[in-house]
Amino acid sequence: MTENNVIQPFLIDAGMSRGQAVRLTSVLDTMINQHQYPEQIGKLLAEAAVLTAMLASSVKYDGVFTLQIQGKGAVTGLVVSLTTSGQMRGYVHFDDAMLQKLDSIKQKNITDYFGKGTLAFTAEQAGQTYQGIIALDKETLTDCVLSYFEQSEQIDTQIKVAIVPPEKEHGWIAGAVLLQKMPFDSKLTEQLGTDQLNELWQTSVILLKSLTDSEMTDLSLDLEKMLYRLFHQNDLHYFPKKSFNFGCHCSKEKVLNMLKTFSKQDLDEMTVDGKISIDCQFCGKSYTITPSELGA
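Residues numbered from 1 in each chain as written. Predicted model: local features only at pLDDT ≥ 70, side-chain atom pairs only at ≥ 80, totals over all residues. Heavy atoms only, no water.

Before going further, it helps to examine the packing of helix α1 (residues 26-33) against helix α2 (residues 39-58). Following both chains from N to C, one finds α1 and α2 inclined at 135 degrees, their axes separated by 10 Å at the closest point. With respect to α2, the element α1 is oriented oblique. For the pair α1 and α2, the crossing hand works out as right-handed. Contact residues: L28, M31 and I32 in α1; G42, L45, A46 and A49 in α2. Tallied by class, residues from the contact of α1 with α2 come to six nonpolar, one polar and no charged. (Axes fitted to C-alpha atoms, helices over the stretch in contact; angles between N-to-C directions. Helix = DSSP H or I, 4+ residues; strand = E, 2+ residues; numbered from the N terminus. Parallel < 35°, antiparallel > 145°, perpendicular 65-115°, else oblique. Left-handed = near helix turned anticlockwise from the far one by under 90°. Contact = heavy atoms within 4.5 Å. Nonpolar A, V, L, I, M, F, W, Y, C, P; charged D, E, K, R; others polar.)

What follows is the structure in structure tokens.
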């Protein structure tokens, strides 16, 4: 049986290039359908989700990896977070009236949705937080992440993403493959030469570009078989894959700690009939807090 909601890391060409293949299904259904997001918002969240999975797998972190976008357009905020245990959650803030005005634009890009904005990702490790900032100055979120790898990390990177909205026979499907050229090993360079190593990279890029959207989103085609079709002549090696599931780590304790940072005036304005009601933006769970719980 084909596994979905999974990421499959791999190496090719004697470790000269590394990569990850991702496919998300029911995780997206939960994130998108529970908020009844319109299709174009669902596509943005699905793209952000697969990018989060690949970015998180590219860095070492212990805790939560978060991708967050802040904008000043029809979409003012988008967040996807992923824990080391594989729990993913996400939500989008948008103005429905402004979003409907974008319907007249046939080929929409990121700035049409977010206006002037930035994409930031944070990774927790050993009590410290690593952060990367990406400008939203390309056509798609994927293009922005590619630009980050090439300019900030100076790593040759290729990414392909395909997203299919729900149809009669399936729900949301998002597939993606990331391929990166690793720094040349001195022994490998001595054996093969720089020109041949560069040729191997260019060949792997051509092979990746031959991958179709339908292959990436084919639920009957598992990721290992898909990668084998592409790179079986490139000394392909798999690493253990990792599964994802929808999961929210909200709690009453976290809500209390958050409310304790508010001023008394703000808390008074939030209080109705002696109680403060807070809904989690990720999972929709409701929390009711009384002043006595806040020490008031």
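Moving on from the model shown.
Further remarks concern the packing of aromatic side chains. A full pass over the atoms with the stated rule returns eight aromatic pairs. When the ring of F10 is compared with that of F231, the centres are 5.8 Å apart and the planes differ by 25 degrees; the resulting orientation is stacked. Taken as a pair, F10 in strand β1 (residues 6-12) and F231 in helix α9 (residues 223-231) lie far apart in primary sequence, 221 residues in all. Given a relative accessible area of 0%, F231 falls into the buried group. Here a set of aromatic residues connected by ring pairs shows up, and it is made of Y61, F65, F121, Y130, Y148 and F149. (Phe/Tyr/Trp six-rings, centres within 6.5 Å; stacked < 30°, edge-to-face > 60°. Buried < 20%, exposed > 50% of the residue type's maximum accessible area, 1.4 Å probe, protein only.)

Turning our attention to the nonpolar core. One finds L28, L78, M88 and F114 to be the most contacted residues of the largest nonpolar core, which totals 57 residues. Per element, the largest residue contribution to this core is 12 residues, and it comes from α2. With sequence-adjacent residues up to four places away left out, L78 is seen in contact with L44, L45, A48, L67, Q68, I69, Y91, V92 and F114. Among the nonpolar cores identified, the runner-up in size contains 21 residues, and V6, L223, M226 and L236 belong to it. (Core = buried A, V, L, I, M, F, W, Y, C linked by side-chain atoms within 4.5 Å.)

Residues spaced three or four apart along an α-helix point in a common direction, a consequence of the helix completing one turn every 3.6 residues. For helix α10 (residues 252-259), every residue scored as buried is listed here: V255, L256 and L259. Looking straight down α10, one finds that the buried residues subtend no more than 100 degrees of arc, so they occupy a single side. In the core, the buried residues of α10 are packed alongside α11 (264-270), β13 (276-279) and β14 (286-289). (Arc of directions from axis to C-beta.)

Once that is clear, we can look at the environment of C144. Considering the arrangement of structural elements, one finds C144 in helix α5 (residues 141-151). C-alpha of C144 to C-alpha of T118: the two residues are 26 residues apart in sequence and 9.8 Å apart in space. When near neighbours in sequence (up to four residues on either side) are disregarded, C144 contacts I134, A135, L136, D137 and K138.

Worth remembering: the numbers are spatial, not functional.
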